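# Results of the structural survey
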Amino acid sequence: MTIKRMLMDKMNNQEPIAMVTAYDFPSAQMCESANTDIILVGDSLGMVVLGYSSTIKVTIEDMIHHGKAVKRGAPGTYTVVDMPFMSFNVSERDAIMNAKELFQAIEPDALKIEGGVDVAPTVERITKAGIPVVGHVGLTPQNVNVLGGYRVQGRTEAEAKQLVEDAKALEEAGAIAVVLECVPARLAAKLTEELSIPTIGIGAGVECDGQVLVYHDLLQYGVSRLPKFVQSYANFNQDASEAVSRYVRDVKNKTFPAEEHTFQIKDEVLKGVYGGK
Ligand SMILES: Nc1nc(=O)c2c([nH]1)NC[C@@H]1CN(c3ccc(C(=O)N[C@@H](CCC(=O)O)C(=O)O)cc3)CN21
Ligand SMILES: CC(C)C(=O)C(=O)O
Ligand SMILES: [Mg+2]
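Residues numbered from 1 in each chain as written. Chains lettered and ligands numbered in written order. Predicted model: local features only at pLDDT ≥ 70, side-chain atom pairs only at ≥ 80, totals over all residues. Heavy atoms only, no water.

Taken domain by domain, the protein comprises domain 1 (3–234) and domain 2 (239–274). Averaged C-alpha coordinates put domain 1 and domain 2 at centres separated by 46 Å. (Domains from an automatic or database assignment.)

Looking at the largest pocket, its volume works out to about 960 Å³. Lining the largest pocket are 38 residues, and of these Glu181, Ile202, Asp217, Pro227 and Phe229 lie nearest its centre. Put simply, the parts of the chain that give the lining of the largest pocket at least two residues each are helix H3 (45–48), strand S4 (110–114), strand S6 (177–181) and strand S8 (210–214). Among the elements that line the lining of the largest pocket, the one with the most residues is S8, at three residues. By volume, the second largest pocket is sized at about 530 Å³. As for the second largest pocket, its lining consists of 26 residues, and the residues nearest its centre are Gly115, Gly116, Thr140, Asn143 and Asp166. Elements supplying a minimum of two residues to the lining of the second largest pocket: strand S5 (133–138), helix H7 (144–147) and helix H8 (157–173). For the lining of the second largest pocket, the leading source of residues is H8, giving four residues. Residues of the lining of the second largest pocket, tallied by class, amount to 10 nonpolar, 12 polar and four charged. (1 Å grid on protein atoms, 1.4 Å probe; cavity = no way out; pocket = protein on both sides within 12 Å on 5 of 7 lines; lining within 4 Å. Points joined across faces, edges and corners; volume = space filled by probe spheres on them. Helix = DSSP H or I, 4+ residues; strand = E, 2+ residues; numbered from the N terminus. Nonpolar A, V, L, I, M, F, W, Y, C, P; charged D, E, K, R; others polar.)

It is worth spelling out the coordination of the magnesium ion (ligand 3) at this point. Only Asp43 (OD) and Asp82 (OD) from the protein coordinate the magnesium ion (ligand 3), and they sit 2.1 Å from it. Note that Asp43 is positioned in the loop between strand S2 (38–41) and H3 and Asp82 in strand S3 (residues 78–82), a separation of 39 residues in sequence. Its relative accessible area of 3% is what places Asp82 among the buried residues. (Donors = N, O, S within 2.8 Å, 3.2 Å for Na, K, Ca; no water. Buried < 20%, exposed > 50% of the residue type's maximum accessible area, 1.4 Å probe, protein only.)

Time to look at the environment of Ser245. Inspection of the secondary structure puts Ser245 in helix H11 (residues 236–253). C-alpha separation for the pair Ser245 and Ala129, spaced 116 residues apart in sequence, amounts to 52 Å.

This part takes up the pattern of salt bridges. Scanning the model with the defined rule gives nine salt bridges in all. In this structure, Glu92 engages Arg125 in a salt bridge whose closest nitrogen and oxygen atoms are separated by 3.8 Å. Residue Glu92 is located in helix H5 (residues 92–106), and its partner Arg125 is located in helix H6 (residues 120–128); the two are separated by 33 residues in the primary sequence. On the basis of relative accessibility, which here comes to 45%, the residue Arg125 falls in the partly exposed class. Taking the shortest distance from any N to any O, the salt bridge between Glu124 and Lys128 comes out at 2.8 Å. Highlighted residues: Glu124 and Lys128, both in helix H6, separated by four residues, approximately one helical turn. Here Lys128 falls in the exposed class, since its relative accessible area comes to 67%. A cluster of three or more residues bridged by salt bridges with shared partners is formed by Lys10, Glu15 and Asp37. (Salt bridge = Lys/Arg side-chain N within 4 Å of Asp/Glu carboxyl O.)

Listed below in structure tokens is the structure:
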């Protein structure tokens, strides 16, 4: 089934779409075994696993490196890959060639592009070239230096109207779904009702057709401060910190490795090498 068909079926049957952002083989395996509907190889990988302070330094090569690992870990799960900063808005030609490169190298089901009215013609061109596209409006982290921070979007009447126009332009351009990031819940609910394509929310309330969260946020794994919209379901930071500290202590104490972690050699072999002492 195409990703578009799957998304439309879930929307029409009112079955919420569960999406997780993941970046590597083990996390993809975990998402697949947990029946995640879609794995997003998000450019948030720049912040979460590469340690950048924004998503701006993420490259096509980074996306390919992580995207391929995710596909190996989750061969049976739908995947969407983010087009990184400046890979789709320099020129239409560049956008198409970059989409081609990502789509051929990773073989995902769709690509995702941040932006609304401004990128709609690009979304249409890429879609017509044969690559399904997911839109992304509201807080678009690639614009953090213009927006002035990671803040809720669409709170004023002017901003809310623009957001609605952006989402409609994406729908019109043929986008298969649209991510709503950090949008007031009641605005997201209205928009979800109005659009014919599914909305996938992050910080956009429960009325969206689906939800997306970052794997490392769900698990409190590596990330320190969690945005307000995150529900964490585990605390890997605490478990990992305790575990690694215990390992370091055991090495210093020589209580690790123990007998059961070591390999044996016959006496006569050792004698042959070092003599009869
Ligand atoms: N780990 C992680 N999770 C994400 O969801 C995520 C990333 N990284 N990196 C890329 C973007 C950046 N995102 C962010 C980052 C911070 C906030 C944040 O701190 N927001 C404030 C809201 C302030 C307000 O306007 O009221 C918060 O307190 O939640 C929101 C989205 C979402 N994306
Ligand atoms: C948070 C989601 C929507 C995203 O774009 C990412 O993980 O990069
Ligand atoms: Mg992203």
